[in-house]
Amino acid sequence: MVVHSHLEISTTGQGLYLITRQIEEHVRKSQLTNGLVHLFLQHTSASLIIQENADPTAQQDLEEFLDRMVPENQHWHQHTLEGPDDTTSHLKAALTHTSLQIPLLNGRLALGTWQGLFLWEHRHQRHSRKIVITVIGE
Amino acid sequence: MVVHSHLEISTTGQGLYLITRQIEEHVRKSQLTNGLVHLFLQHTSASLIIQENADPTAQQDLEEFLDRMVPENQHWHQHTLEGPDDTTSHLKAALTHTSLQIPLLNGRLALGTWQGLFLWEHRHQRHSRKIVITVIGE
Amino acid sequence: MVVHSHLEISTTGQGLYLITRQIEEHVRKSQLTNGLVHLFLQHTSASLIIQENADPTAQQDLEEFLDRMVPENQHWHQHTLEGPDDTTSHLKAALTHTSLQIPLLNGRLALGTWQGLFLWEHRHQRHSRKIVITVIGE
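Residues numbered from 1 in each chain as written. Chains lettered and ligands numbered in written order. Predicted model: local features only at pLDDT ≥ 70, side-chain atom pairs only at ≥ 80, totals over all residues. Heavy atoms only, no water.

A. Spotlight on the interface of chain B and chain A. Chain B puts 33 residues into the contact, and the matching count from chain A is 31 residues. A buried area of about 2600 Å², summed over both sides, lies between chain B and chain A, and 64% of it is on carbon and sulfur atoms. Across the chain B-chain A interface, the total number found is zero salt bridges. Remark: the boundary between chain B and chain A carries 18 residue pairs in polar contact (both at pLDDT 80 or more). When contributions to the side of chain B that touches chain A are tallied by element, the ones reaching two or more residues are strand 3 (35–41), strand 4 (46–52), helix 2 (56–69), strand 5 (99–105) and strand 8 (126–137) of chain B. Here the residues of the side of chain B that touches chain A sort into 16 nonpolar, 11 polar and six charged. (Contact = heavy atoms within 4.5 Å. Buried area = accessible area lost by both parts, 1.4 Å probe. Salt bridge = Lys/Arg side-chain N within 4 Å of Asp/Glu carboxyl O. Polar contact = N/O pair within 3.5 Å; in protein donor to acceptor, adjacent residues only side chain to side chain. Helix = DSSP H or I, 4+ residues; strand = E, 2+ residues; numbered from the N terminus. Nonpolar A, V, L, I, M, F, W, Y, C, P; charged D, E, K, R; others polar.)

B. Molecular detail of the pairing of strand 3 (residues 35–41) of chain C. Residue and element names in this part refer to chain C. The element strand 3 is largely enclosed, with a buried count of seven among its seven residues. When strand 3 meets strand 5 (residues 99–105), the two strands line up antiparallel, connected through six bridges. Opposite Leu36, over in strand 5, you have Pro103 as the bridge partner. Pairing of strand 3 with strand 8 (residues 126–137), which is carried by seven bridges, proceeds in the antiparallel orientation. Considered in strand 8, the bridge of Leu36 is made with Ile136. (Buried < 20%, exposed > 50% of the residue type's maximum accessible area, 1.4 Å probe, protein only. Pairing = 2+ DSSP bridges.)

C. Highlighting empty space enclosed by the protein. Within this structure, the stated rule accounts for three cavities of 30 Å³ or more. Volume-wise, the largest cavity comes out at about 370 Å³. Around the largest cavity, the lining comprises 30 residues; the ones closest to its centre are His97(A), Ser99(A), His97(B), His97(C) and Ser99(C). Within the lining of the largest cavity, the residues separate by chemical class into 15 nonpolar, 15 polar and no charged. Taken as a whole, the second largest cavity holds about 60 Å³ of empty space. If you go around the second largest cavity, the residues you meet are Leu36(A), Gln101(A), Ile136(A), Leu36(B), Gln101(B), Ile136(B), Leu36(C), His38(C), Gln101(C) and Ile136(C). A class-by-class count of the residues in the lining of the second largest cavity yields six nonpolar, four polar and no charged. (1 Å grid on protein atoms, 1.4 Å probe; cavity = no way out; pocket = protein on both sides within 12 Å on 5 of 7 lines; lining within 4 Å. Points joined across faces, edges and corners; volume = space filled by probe spheres on them.)

D. Just the sheet that holds strand 1 (residues 2–12) of chain A, in detail. All names here are of chain A. Spatially, five strands are ordered 1-8-3-5-6 in an open sheet, and the strand pairing comes out antiparallel. Both edges of this open sheet fall to strand 1 and strand 6 (108–109), since each of them pairs with a single strand only. Summarising the sheet, strand 1 and strand 8 (residues 126–137) pair through 11 bridges and their orientation is antiparallel. Note on strand 8: the bridge partner recorded for Thr11 is His127. Sitting on the sheet, helix 1 (residues 20–30) touches strand 1, strand 3 (35–41), strand 5 (99–105), strand 6 and strand 8, and the angle it makes with strand 1 is about 160°. (Axes fitted to C-alpha atoms, helices over the stretch in contact; angles between N-to-C directions.)

E. A look at the interface of chain C and chain B. With 33 residues of chain C in contact, the opposing surface of chain B contributes 31 residues. With both sides pooled, the region where chain C packs onto chain B buries about 2600 Å², and carbon together with sulfur makes up 64% of that total. Taken as a group, Asp61(C), Phe65(C) and Gln101(C) account for 22% of the area that chain C buries against chain B, more than any other trio of residues on that side. Run the count over chain C and chain B and you get zero salt bridges. Our enumeration of links across chain C and chain B arrives at 18 residue pairs in polar contact (both at pLDDT 80 or more). Of all the secondary structure elements, the ones that give two or more residues to the side of chain C that touches chain B are strand 3, strand 4 (46–52), helix 2 (56–69), strand 5 and strand 8 of chain C.

F. Seen up close, the pattern of salt bridges. All names here are of chain A. Throughout the structure, instances matching the rule amount to 18 salt bridges over all chains. Here Asp67 and Lys92 are joined by a salt bridge, their closest N and O atoms 2.6 Å apart. Taken together, the positions of Asp67 in helix 2 (residues 56–69) and Lys92 in helix 3 (residues 85–95) put the pair 25 residues apart, joining distant regions of the chain. Assessed through its relative accessible area of 33%, Asp67 is described here as partly exposed. One network of salt bridges, in which partners are shared, links Glu82, Asp85 and Arg123.

G. Geometry of the environment of Asn34(A). Residue placement: Asn34(A) occurs in the loop between helix 1 and strand 3. Judged by relative accessible area, which is 18%, Asn34(A) ranks as buried. Placed 70 residues apart in sequence, Asn34(A) and Leu104(A) show a C-alpha to C-alpha distance of 5.0 Å. In contact with Asn34(A), not counting residues within four places along its chain, are Leu104(A), Leu105(A), Asn106(A), Ile136(A), Gly137(A), Glu138(A), Val2(C) and His4(C). A polar contact of 3.4 Å, which involves the side chain of Asn34(A), links it to the side chain of His4(C).

In structure tokens form, the structure reads like this:
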């Protein structure tokens, strides 16, 4: 059995947006209990990531790290028509993930104790980000 | 239902090779219409990525970025038997993806407007790269 | 059909741990022969990766590279309650993978000749790492 659904997240600038609960709600509605849950982000300047959901400093370090590894305003940047965060957003997305898969085990996402699901917005402006959720299983 | 098929891509040096149409053709032949499409690259010195398919400068920045982040000829490189691009190709592959998953929705890949599927060749020489395509669903 | 199973790996410090054989054993026990095998690591300070399994220098370069790209003891690190390798482990995990998917083709993992499955431990101390294995298919 396959159940698709759609989730739209409004972002208000660069940062990590916790989406675990929204995804759990979509999975519940699918009425499937064993299989895989697949999240697919339909954008190339934002990404998805599973990371520490407890201590906010873990998330702050992630953001600082990616900003330092992919700084804006480099002389070799060409794809900056929409601003200095245009190309860097694509580069940050390339280093992280466009899709995530989580086992669905007895009706629950089999996440570890500290794992949260995040949408990672890389653009400074507001955006509406579309995620396709696919539950496949029994 | 599960349908596997095989795709072989000839590469002529480092770069991004758009493979969206070939994958769509394989998916069409599977005759499945809802589920997941999984691409698996059977190599460790090339990778797969979903990125901007419209503006070529986005792809040029991706390549320049990865070359700058993973430069050749570092004193600590050991795995260079096949040339200076040997170890860097593995390192670049480790930072990107060996497999991709895309939802299959009403007979179509649920890609966003600007998303293209790319094989990312990291070696300078010609190579033949094998991709296993698995369509799983209904 | 969906078959879940669980694997626990004891790690004795930072490094790549080859797990291909253990995964193959779990897949064999599932008695499924065609579909996808999904590995999910329930931790955020270790990761999973598919890389060169033949020449040990390839693995040594991977480790050296990640240590150089994500050095410990940076002034901006905040999440270091458990030591200097605390935040760097999360950052290294964010750049690599929490889950892997491999096609299951006629009862075998469709890995390329040189591809091995690795658990990548990023912490210095001993840890017990849990992997959920999901085989989905026929």
